[in-house]
Amino acid sequence: MATHADVRRNAKAQAVLLVAVAALVSFGLAGLAQITRERIARNAQAWMQQHLEVLIPAALHDNDLLADTITVIAPDSLGTAQPVTVYRAWRAGIPTAVAIRSIAPDGYRGPIELLVAIRYDGTLLGVQVLRHDETPGLGDAFEKREPHWLERFRGLSLSNPPQQRWSVKRDGGDFDAFTGATITPRAIVTALRRTLEYYQRHRQRLFRDPPADAVAGAAADFERTVAPAAWHSSASGHR
């Protein structure tokens, strides 16, 4: 027959076991959550990398676009009061392009997130829709039903067409709307114009700080080419 002390020991052992099991379960869940977060982050980076590679050709940059970003806040120009990510492209330390995650806040069903790629000279490299809540019919207009609608903006700028013509034809501008829809294309065209205007005003600021590896590369190039030539010229002058 179990004594009172035996019962207490058994109860204590069971409590310790329960605590150990709970700790193991908590540890396992925390580890699983961390793995899940890391996987989601990797997938998000891969997803964004694919969009960037489509919009900014490899020939235009030798830096890591995902790593070279800045954040800006410009609600009137970029459609949101939240920080906006700008991806910067450089080639041999020279700025070549940006990709801006701009928002068209007044889509038919809500905000439309865009990735707008712009050459250094202000010419549009292209635009892609990252997220939207449009109805299937309207969403298909720039995804399936009219997949080339967004491509018409490639190569355009605030001078081509003139800035005042950056609106849909129904509003007196140069751009066709979707078949049977005006609100969504109007929102996208307006967002593109505002993004181009923002870039035009802030281009120097966006490229103010070159990436560290570009600075190091430029210094190495100077030491390898310019500096020896200058030393040789100086030495020749003293002979």
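Shown above is the structure to which this text applies.
Residues numbered from 1 in each chain as written. Predicted model: local features only at pLDDT ≥ 70, side-chain atom pairs only at ≥ 80, totals over all residues. Heavy atoms only, no water.

S.K.: So what's going on with the nonpolar core? Which residues, and what values?
M.R.: If you look at the biggest cluster of nonpolar residues, it comprises 36 residues, and the most contacted ones within it are Leu-114, Ile-118, Phe-153, Trp-166 and Leu-192. Only β2 (84-91), β3 (94-104), β4 (112-119), β5 (124-131) and α4 (183-206) provide two or more residues apiece to this core. A total of nine residues in this core trace back to one element, the largest contributor, which is α4. Not counting residues up to four positions away in its chain, the partners in contact with Trp-166 are Leu-124, Phe-153, Leu-156, Ser-157, Leu-158, Asn-160, Pro-161, Phe-175, Val-189, Leu-192, Arg-193 and Leu-196. Counting residues in each nonpolar core, the second largest holds 14 residues, with Leu-55, Leu-60, Leu-65 and Leu-115 among its members. (Core = buried A, V, L, I, M, F, W, Y, C linked by side-chain atoms within 4.5 Å. Buried < 20%, exposed > 50% of the residue type's maximum accessible area, 1.4 Å probe, protein only. Helix = DSSP H or I, 4+ residues; strand = E, 2+ residues; numbered from the N terminus. Contact = heavy atoms within 4.5 Å.)

S.K.: Tell me what's going on with the pairing of β2, and back it up with residues and numbers.
M.R.: Within β2, six of the eight residues are buried, which leaves it mostly tucked inside the rest of the structure. Pairing geometry for β2 and β3, over six bridges, is antiparallel. Residue Trp-90 lies in a different strand from β3, and its bridge partner there is Pro-95. Counting the residues in the hairpin turn of β2 and β3 gives two residues, including Ala-92, whose phi is positive at 55°. (Pairing = 2+ DSSP bridges.)

S.K.: Would you mind going over the packing of aromatic side chains in detail, with residue names and values included?
M.R.: One pass over the structure, following the stated rule, counts six aromatic pairs. Between Trp-90 and Phe-207, the aromatic rings sit 5.4 Å apart at their centres with planes inclined by 90°, giving edge-to-face as the arrangement. Of the two residues, Trp-90 sits in strand β2 while Phe-207 sits in the loop between α4 and α5 (212-237), which places them 117 residues apart along the sequence. A residue is classified by how much of its surface remains accessible, and Trp-90, at 3% relative accessible area, is buried. Against the face of Tyr-120 rests Arg-203, its NZ or CZ located 4.4 Å from the ring centre. (Phe/Tyr/Trp six-rings, centres within 6.5 Å; stacked < 30°, edge-to-face > 60°. Lys NZ or Arg CZ within 6 Å of the ring centre and 35° of its normal.)

S.K.: Give a description of the sheet that holds β5 that names residues and reports values.
M.R.: Hydrogen bonds between backbone groups are what pair the strands of a sheet, and the pairing can be parallel or antiparallel. If you trace the five strands from one edge of the open sheet to the other, you get β1-β2-β3-β4-β5, paired in antiparallel fashion. The open sheet has two edge strands, β1 (69-72) and β5, and neither has a second partner. The mean inter-strand angle of the sheet, taken between neighbouring strand axes irrespective of direction, is 25°. Packing of α4 onto the sheet brings it into contact with β1, β2, β3, β4 and β5, and relative to β4 it is tilted by some 45°. (Axes fitted to C-alpha atoms, helices over the stretch in contact; angles between N-to-C directions.)

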